[in-house]
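Reading the structure
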Amino acid sequence: MVSRVIPVDPFDLVIFGGTGDLAKRKILPGLFRRFVSGQMPSEALIMGAARAKMNDTEYRDLVKIAILEFGSASLDEKLLVDFLDKVTYLRIDATGEAGWLELSQSMRNGPVRAFYFSVAPSLFGALAERLKKHKIALSDSRIVVEKPFGRDLESAKILNATLAAHFSEDQIYRIDHYLGKETVQNLMAVRFGNLLFEPLWNSQYIDHIQITVAEKVDVEGRGEYYNTSGAMRDMVQNHLMQLLCLIAMEPPAQFNPDAVRDEKLKVIRALDKVPPHHIVRGQYEASSDSFGYREHANDAKSRTESYVAIKAHVSNWRWAGTPFYMRTGKRLRSRCSEIAVVFKQPPHSIFGSEAGTHRNALVIRLQPDEGITMDMTIKEPGPGGMRLITVPLDMTFSEALGPAAEEVPDAYERLIMDVIRGNQTLFMRGDEVEAAWEWTDPIIKGWKERNDVPKPYDAGSSGPDDALMLLHREDRKWRPI
Ligand code: NAD
């Protein structure tokens, strides 16, 4: 089976922060891959814009190095030259007047105009204002904004209002790259494209849900920034809550941006307030060969969490009584992001207690090796009597899809193409972001008021023991990471 690549409309894409880490690691290599795939039309232009002084040739060198370092393994030199031909550079000051006239003059009439704000959020307002003031952004132009989108409800509201002063909501694309992952979209296809799951998708049949985003890396290099944020702000408020929404939401009437986002918003609004004993915070300790969190953060008394586990409840008709366990952390045993939907046991085992207890689990794996598996109970092969075992049924269908399954675009490149297509389904709406902060804020405030100290955990472990107890005391256990 060959996947179809439908080219997007011609576009002018300006990447503010075009010399930054995100542009180099994700945006530019992703655009190159879309060019190679044939999705980027020949009329497309990409303009890097940043503070550094450089000319087009120097910028193309930077782009080339970024693609060689972070792009696809096999590289066609001719295609790279053709791609670089579409790339230009402009020195611009987001907070001053330098470069804006030149930018205005270099925009073409006709192509879609998109502006990627790959800069610190403190510059969003200045960029939005100047794009409008210089009439560079038109009524159908799009802006793409990166996380963090605020650090609490108040700052998110201010940021939303700042952008809303210059752009309408349907022009604002708030990126959460987790939503751009192939498997996350496949989750919706599996849920709503099959009759099989939806009748079981409720508290009557589902025992609990686990959402895990575990990272092996520490915070080294960005420790001081991370120390002002923590796992709750950095991961839970955005990525984990977005995943929770997609699992828990009602079927939207249509797969269109507002229908999907309305349903996600209802989930966030149905989340119960979390009592302190349903949350475990952790901080990784030093090991024989590496520093601990506090050394990385350069703060010997830091109370910022590098790990958090939460038991959450969605109080609505579908989910009453089904816990959603979420956990995320740094410096854990392995890099692993997955959602596990763990079903209840059959009401009666005809095979007797010696057959053991087995549950079905639908596991949506985001990384590594994106894919979906279903844990099924079968008879252990052989003549040993009726003994049951659990085996994963692979629903990734890589054999059926052949090379198409190998050519899955990275989340960023998919989302950028959605921006050009004008499709906001996989982007967060302003009210969703605010509702997520509304749920997160009291948790963070509670820690501060109680002077909560995160529990230490060993580097390379699966997190603090208390997080294991969060499930153990309810006769459940985390899936291994
Ligand atoms: P960076 O510090 O590496 O790059 C910042 C860029 O902004 C540079 O190109 C710089 O020239 C430009 N810039 C700074 N001040 C400017 C000004 N006054 N006028 C014009 N340009 C200016 O940052 P980054 O890591 O690329 O991150 C960019 C944004 O993306 C941030 O909001 C960050 O939180 C977010 N983000 C980054 C990552 C990542 O992996 N790097 C992941 C998620 C979100």
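From a predicted model like this one, the values you see are computed outputs, not experimental measurements.

As a further point, take the site of the ligand. Lining the immediate surroundings of the ligand are 20 residues, of which Thr-19, Asp-21, Arg-25, Ala-94 and Val-119 lie closest. One nitrogen or oxygen atom from the main chain of Gly-20 is found 3.2 Å from an oxygen atom belonging to the ligand. Contact between the ligand and Val-119: an oxygen atom at 2.7 Å from a main-chain N or O atom of the residue. Looking at the shell around the ligand, the element that brings in the most residues is helix α1 (residues 21–37), giving three residues. Residue classes in the shell around the ligand are distributed as nine nonpolar, five polar and six charged.

Strand order across the open sheet formed by nine strands is β14-β13-β12-β11-β7-β10-β9-β8-β15, with mixed pairing between neighbours. In this open sheet, the two edge strands, each paired with only one partner strand, are β14 (388–394) and β15 (455–457). Neighbour-to-neighbour, the strand axes of this sheet turn through a mean angle of 20°, independent of strand direction. Alignment of strand β11 (residues 336–343) against strand β12 (residues 361–367), held across six bridges, turns out to be antiparallel. Across the sheet, residue Ala-340 finds its bridge partner in β12, namely Val-363. In this fold helix α9 (residues 231–248) packs onto β7 (206–214), β9 (307–313), β10 (323–329), β11 and β12, with an angle of close to 145° to the strand it touches most, β10.

Let us look at a nonpolar patch on the surface. Nonpolar side chains collect at one region of the surface, where Ile-350, Phe-351 and Met-386 lie side by side and expose about 310 Å² of accessible area between them. Counting through the fold element by element, Phe-351 comes out in the loop between β11 and β12.

On strand β5 (residues 142–145), burial covers both faces: Arg-142 and Val-144 on one face and Ile-143 and Val-145 on the other are all buried. Summarising the sheet, strand β4 (residues 112–117) and β5 pair through four bridges and their orientation is parallel. From the neighbouring strand, Phe-115 faces β5, where its bridge partner is Ile-143. Relative to strand β6 (residues 172–174), β5 is paired through three bridges, and the arrangement is parallel. Bridge pairing in β6 places Val-145 opposite Arg-174. For the segment spanning β5, helix α6 (residues 153–164) and β6, crossover handedness is right-handed.

So, on to the layout of surface pockets. Taken as a whole, the second largest pocket spans an internal volume of roughly 530 Å³. Lys-344, Gln-345, Pro-346, His-358 and Asn-360 are the residues nearest the centre of the second largest pocket, which is lined by 24 residues in total. Those elements that provide at least two residues to the lining of the second largest pocket are β13 (371–379) and β14.

Partitioning the protein into structural domains gives domain 1 (11–146) and domain 2 (179–409 + 429–472). One C-alpha centre belongs to domain 1, the other to domain 2, and the line joining them spans 34 Å.

Next up on the list: the sheet that holds strand β1 (residues 11–16). Note: strands within a sheet are paired through backbone hydrogen bonds, in either parallel or antiparallel orientation. Across the sheet, which stays open at both edges, the six strands sit in the order β3-β2-β1-β4-β5-β6 with parallel pairing between neighbours. Pairing within the sheet leaves two strands with one partner each, and these edge strands are β3 (87–91) and β6. Taking the axes of each pair of neighbouring strands and ignoring which way they run, one obtains an average angle of 20° across the sheet. The sheet contact formed by β1 and β4 spans six bridges and is parallel. Within β4, the residue paired with Asp-12 across the bridge is Arg-113. Contacting β1, β4, β5 and β6, helix α14 (residues 411–421) crosses the sheet at an angle of about 140° to β4.

So, on to helix α2 (residues 56–70). With 15 residues, α2 extends 21 Å from end C-alpha to end C-alpha; this agrees with the ideal 21 Å at 1.5 Å per step. Within the span of α2, buried status applies to Tyr-59, Leu-62, Val-63, Ala-66 and Ile-67. For α2, the arc enclosing every buried residue in end-on projection is 135°, short of the 170-degree limit, so these residues lie on one face. Facing away from the buried side of α2, by more than 90 degrees, are the exposed residues Thr-57, Ile-65 and Glu-69. Looking at the buried residues of α2, the elements they touch are α1, β2 (45–50), α3 (77–84) and β3.

So, how was this worked out
- Residues numbered from 1 in each chain as written.
- Predicted model: local features only at pLDDT ≥ 70, side-chain atom pairs only at ≥ 80, totals over all residues.
- Heavy atoms only, no water.
- Near = heavy atom within 4 Å.
- Polar contact = N/O pair within 3.5 Å; in protein donor to acceptor, adjacent residues only side chain to side chain.
- Helix = DSSP H or I, 4+ residues; strand = E, 2+ residues; numbered from the N terminus.
- Nonpolar A, V, L, I, M, F, W, Y, C, P; charged D, E, K, R; others polar.
- Pairing = 2+ DSSP bridges.
- Axes fitted to C-alpha atoms, helices over the stretch in contact; angles between N-to-C directions.
- Contact = heavy atoms within 4.5 Å.
- Patch = residues over 30% accessible without salt bridge, like charges linked within 9 Å, V, L, I, M, F, W, Y side chains within 5 Å.
- Areas by Shrake-Rupley, 256 points an atom, 1.4 Å probe, with all protein chains shown as cover.
- Salt bridge = Lys/Arg side-chain N within 4 Å of Asp/Glu carboxyl O.
- Buried < 20%, exposed > 50% of the residue type's maximum accessible area, 1.4 Å probe, protein only.
- Right-handed = clockwise from strand over helix to strand, strands pointing away.
- 1 Å grid on protein atoms, 1.4 Å probe; cavity = no way out; pocket = protein on both sides within 12 Å on 5 of 7 lines; lining within 4 Å.
- Points joined across faces, edges and corners; volume = space filled by probe spheres on them.
- Domains from an automatic or database assignment.
- Expected span 1.5 Å × (residues − 1).
- Arc of directions from axis to C-beta.

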